[in-house]
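Architecture and fold: a report
Residue-level listing of the chains:
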Amino acid sequence: MEGEFVDGAIVAGVLAFAFLWRLRSKETIDVVDGGEDEGVGRSNGFDGGPDVVVVGAGVAGAALAHTLGKVDGRRVHVIERDLTEPDRIVGELLQPGGYLKLMELGLQDCVEEIDSQRVYGYALFKDGNDTKLSYPLEKFHEDISGRSFHNGRFIQRMRQKAASLPNVQLEQGTVISLVEEDGVVKGVKYRTKAGEELIAYAPLTIVCDGCFSKLRRSLCKPQIEVPSCFVGLVLENCELPYANHGHVVLGDPSPILFYPISSTEVRCLVDVPGQKVPSVSDGEMVNYLKTVVAPQVPPQLYDAFMSAVDNGNIKSMPNRSMPAAPLPTPGALLMGDAFNMRHPLTGGGMTVALSDIVVLRDLLRPLSDLKDASSLCRYLESFYTLRKPVAATINTLAGALYKVFCASPDQARKEMRQACFDYLSLGGVFSTGPIALLSGLNPRPLSLVLHFLAVAIYGVGRLLLPYPSPKRMWIGARLIYDASGIILPIMKAEGFRKMFFPSTVPAYYRAPQVQQTQTS
């Protein structure tokens with residue numbers, strides 16, 4: 001009888017163990033599936049999984065992966081749609097402020113061995129006159145300057161640098177969607193190069209998939225504007241009027257840019273207002289470049305420009321502008337052009353991206369564990385405030401300068417454009433102040449506003465001296481009105497409070513959960 005009880009107990013124990021094991025297996029499958037379709041596997045790049053999944057390996061994604069992998073020792077899984085060398089016509093000029101951030105991230109050698117060119121300032125051309133604006137680099141090491149290069153070569157160098165770390169996995173694949181559970185992003189679903197669908201899980205997913213991001217709508221409120229398009233050409237074996245300088249022609253209808261991208265090549269970017277450019281296939285583009293643009297090109301570059309047009313290697317891309325409007329989401333963060341864009345006229349995009357990475361690195365550094373998604377999300381809200389002074393200054397300057405530099409039949413706008421050129425031509429603080437803002441060396445919103453107002457007042461003064469007239473006074477009043485109409489909407493979109501008074505935003509003082517626990 002006693003043996004029967006023992007046998008029964010053993011059988012019951014075995015059945016109970018089987019039932020519990022079955023229940024545990026079901027729970028494990030539910031978590032791995034993450035609500036996705038059956039048949040989707042799990043990425044196994046690291047034992048225990050990565051700490052961070054990075055979507056995109058452009059400038060922002062590659063720099064971020066290297067920073068998190070080397071500085072913080074985190075396991076990073078980077079998924080990039082195409083790992084071949086990109087061929088773009090923007091992202092080719094890194095301002096001195098951006099180069100300083102590159103040095104801070106330990107990536108300065110990425111501009112070496114790609115035939116990059118030093119850039120020491122800009123030259124402005126208008127109606128046959130020109131002026132040179134030099135970066136205020138006197139207080140910096142002699143190595144500090146702007147850098148210009150082929151965008152693809154620069155990105156490949158950063159990818160190689162990131163992939164050289166043992167805790168960074170760089171994989172080619174197409175991200176299909178974010179994987180969410182109960183409002184928390186757990187990772188991404190992606191298709192490998194071989195066509196297999198997998199899910200990459202991590203406590204933190206950072207989306208850096210560029211200006212054409214397909215994931216941003218889940219993480220922000222995008223308000224994208226396309227004020228113009230760039231038409232790109234490469235001029236070969238020619239000398240710029242001012243060596244190692246970017247050149248901006250205040251043309252009609254809008255600016256024309258020239259800058260070196262190698263020891264033998266000069267990039268030309270022709271800004272075409274609107275969302276459409278003349279057709280290349282039916283010859284409209286060639287005709288536009290030869291009849292409208294060529295007569296405005298500096299004489300030293302005219303022959304090389306015409307040769308480039310005849311060669312026919314003409315590319316174009318839309319110039320997008322999008323203020324940062326994040327939707328804080330547990331488990332995910334948006335960065336780079338996927339998060340914030342500005343007109344590329346001033347070449348500030350890479351500076352903003354690298355500055356953002358420095359801010360994020362410093363925020364994540366005290367954290368050894370990223371698994372508490374809700375606490376991490378609340379803490380990282382400070383990122384959106386801490387980045388704002390630098391990002392908003394560069395964004396506002398880009399948007400405002402583009403509008404001022406475009407030609408207009410309106411007399412007040414003409415006066416503003418001329419006033420801006422003359423103001424910058426005065427030299428001294430009148431040129432070094434604005435160029436320090438543009439270069440990212442002095443990204444202070446208040447300084448930007450003061451110089452913008454000074455240009456407007458200078459323009460009014462030119463109108464009223466030596467003898468004011470009712471007509472000139474009216475044009476001066478409209479100039480002030482138009483100047484306000486240019487800069488105020490841009491600053492409003494950036495956020496006045498975060499831009500000028502970031503320390504009054506509660507998120508500015510957020511501390512990591514670990515520190516809060518230790519001090520409580």
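Up top you'll find the structure we're talking about.
Residues numbered from 1 in each chain as written. Predicted model: local features only at pLDDT ≥ 70, side-chain atom pairs only at ≥ 80, totals over all residues. Heavy atoms only, no water.

**Describing the overall build of the protein**
This is how it is decided: Helix and strand assignments follow DSSP, with helices taken as H or I runs no shorter than four residues and strands as E runs no shorter than two, numbered in order from the N terminus. Relative accessibility under 20% of the residue-type maximum defines a buried residue, over 50% an exposed one, and the middle range a partly exposed one, all with a 1.4 Å probe and only protein chains included. Here, two residues are considered to be in contact whenever any of their heavy atoms come within 4.5 Å of each other. Each accessible area is a Shrake-Rupley estimate made with a 1.4 Å probe; only the visible protein chains count as cover when residues are assessed.
Looking only at helices and strands, one finds 15 helices and 18 strands in the protein. Residues classed as buried in the protein amount to 52% of the 520 residues present. Taking all contacts inside the protein whose residues are at least 6 apart in sequence as the whole, residues at least 24 apart take part in 74%. Of the roughly 23900 Å² of accessible surface on the protein, a fraction of 54% belongs to carbon and sulfur atoms.

**Some details on the pattern of salt bridges**
Applicable threshold: Salt bridges, as used here, are contacts in which a Lys or Arg side-chain nitrogen is within 4 Å of a carboxyl oxygen on Asp or Glu.
Enumeration according to the criterion identifies 22 salt bridges in this entry. Of the charged contacts, one joins Glu197 and Arg191 as a salt bridge, the two residues approaching to 3.2 Å between their closest N and O atoms. In this structure, Glu494 and Lys388 form a salt bridge, with 3.3 Å as the shortest nitrogen-oxygen distance. Residue Glu494 is located in helix H13 (residues 470–494), and its partner Lys388 is located in helix H9 (residues 388–405); the two are separated by 106 residues in the primary sequence. Taken individually, Glu494 and Lys388 each receive the classification buried, so the pair is uniform in this respect.

**As for the nonpolar core**
Rule in force here: In this text, buried Ala, Val, Leu, Ile, Met, Phe, Trp, Tyr and Cys residues form a nonpolar core when linked through side-chain atoms within 4.5 Å.
Phe154 and Ile206 are the most contacted members of the largest nonpolar core, which totals 121 residues. Considering every element that reaches this core, the biggest residue donor is helix H7 (residues 349–364), with nine residues. Other than its neighbours up to four places away in sequence, Phe154 contacts Val59, Leu102, Cys110, Val111, Ile114, Phe149 and Met350. Within the second largest apolar cluster, 27 residues are counted, among which are Leu235, Leu240, Cys268 and Leu289.

**Remarks on the sheet that holds strand S4 (residues 93–94)**
Selection rule: At least two bridges found by DSSP between two strands is the condition for calling them paired.
If you walk across this open sheet you meet the three strands as S4-S8-S5, and the pairing is antiparallel. Of all the strands in the sheet, just S4 and strand S5 (117–119) have a single pairing partner and so form its edges. Pairing of S5 with strand S8 (residues 146–148), which is carried by three bridges, proceeds in the antiparallel orientation. Bridging across to S8, Val119 finds its partner in Gly146.

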